[in-house]
Amino acid sequence: MNRVFILGDSTAAPKEEAARPETGWGECFSPFLDSSWVLENRAVNGRSTKLALSNGDFFNALASCCEGDAALIQYGHNESKPDEERHTEPWTSFKDNLTYMANAFRKKGVDVYLLTPIARRRFVDGELLDTHGDYPKAVREVASELGLPLVDMTQDTMELLRREGVEKSKEYFMNFSGGIYPNYPDGDEDNTHLRPLGAETIATMIYNSLKEYSPSFLRKE
């Protein structure tokens, strides 16, 4: 059976039970696959492209894949972090890393799809802020330069959060009061990581965007 690999950070990654209800969108993507395909969610919390390359995450996925497989690559949340092991610059090291990953997969006969990072829920005076700077633009540029399919989740999720508004958009994220979830008795105010509704919604959005490219791994409607 062919496989779809997801490479990315905590917004896509599988979670331990101690973190629930936090849910990565990759955990909700299997239902959108054709029955002849298997999902390999290799996304890991805290990863940037630099760290995924330096600690072996990417190379482990590359060694596991075969001709005819597919890869969904979504980084951007951790590239701007100041620590040396993760930090990249959008127009140099970040682009170089994405280009390297995409070309390495393609040399093995793997179909590559680039995704821009999902938006953070950060409102100021009722206005949603774009917190990712130039990193989504860099992803778009790599996709254009390499002729790769692009799923612009930054744009799509910003539109979603604007529609939902300041209060209702909390339901998608780990932003809730105390006394609801056993793992978070005092609540949480995390506007980056997803709850099940957010993960399911974003997985559905990715599925709908991918349909434009008619990949063989998507389920038939």
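Analysis parameters
- Numbers given to residues run from 1 along each chain, matching the order in which its sequence is written.
- Under the rules for a predicted model, residues below a pLDDT of 70 receive no local features and side-chain atom pairs below 80 are neither given nor counted, while totals for whole chains, interfaces and linings still include all residues.
- Side-chain descriptors were evaluated using all non-hydrogen atoms of the structure, hydrogens and water having been removed beforehand.
- For the purposes of this section, nonpolar cores are sets of buried Ala, Val, Leu, Ile, Met, Phe, Trp, Tyr and Cys residues that join through side-chain atoms within 4.5 Å.
- Any residue under 20% of the maximum accessible area for its type is buried, any over 50% is exposed, and the rest in between are partly exposed; the area is computed with a 1.4 Å probe on protein chains only.
- Every helix listed is a DSSP run of H or I at least four residues long, and every strand listed is a run of E at least two residues long, numbered separately from the N terminus.
- A contact between two residues is defined here by any heavy atoms of the two lying within 4.5 Å.
- To estimate how far a helix should reach, multiply one less than its number of residues by 1.5 Å.
- Working note: the arc is built from the helix axis to C-beta atom directions.

> Help me out: how do you make sense of the nonpolar core in this one?
Trp 25, Phe 29, Leu 72, Leu 210 and Phe 217 are the most contacted members of the largest nonpolar core, which totals 37 residues. Of all elements in the fold, only strand 1 (2-8), strand 2 (37-41), strand 3 (70-74), strand 4 (111-115), helix 5 (153-168) and helix 6 (196-210) reach the threshold of two or more residues within this core. A per-element tally of this core places helix 6 first, with seven residues. Discounting residues that sit within four places of it in the chain, Trp 25 has contacts with Ile 6, Thr 11, Ala 12, Leu 72, Gln 74, Leu 115, Leu 194, Ala 199, Ile 202, Ala 203 and Ile 206. If you look at the next biggest cluster of nonpolar residues, it comprises 27 residues, including Ala 52, Leu 53, Leu 98 and Ala 138.

> Which parts of the structure should I look at to understand the side chain of Glu 22?
Its place among the elements puts Glu 22 in the loop between strand 1 and strand 2. Exposure remark for Glu 22: the relative accessible area of 10% places this residue in the buried category. Beyond its immediate chain neighbours, meaning those up to four positions away, Glu 22 contacts Lys 15, Glu 27, Met 174, Tyr 184, His 193 and Leu 194.

> Would you mind showing me how to read helix 4 (residues 135-146) here?
For helix 4, which comprises 12 residues, the first-to-last C-alpha distance of 17 Å matches the rise-based estimate of 16 Å (1.5 Å per residue) to within 8%. When helix 4 is considered as a whole, its buried residues turn out to be Tyr 135, Pro 136, Ala 138, Val 139, Val 142, Ala 143 and Leu 146. Down the axis of helix 4, the buried side of the element spans an arc of 160°, and every buried residue falls inside it. Where the residues of helix 4 are buried, they touch helix 3 (90-107), strand 4, strand 7 (150-151) and helix 5.

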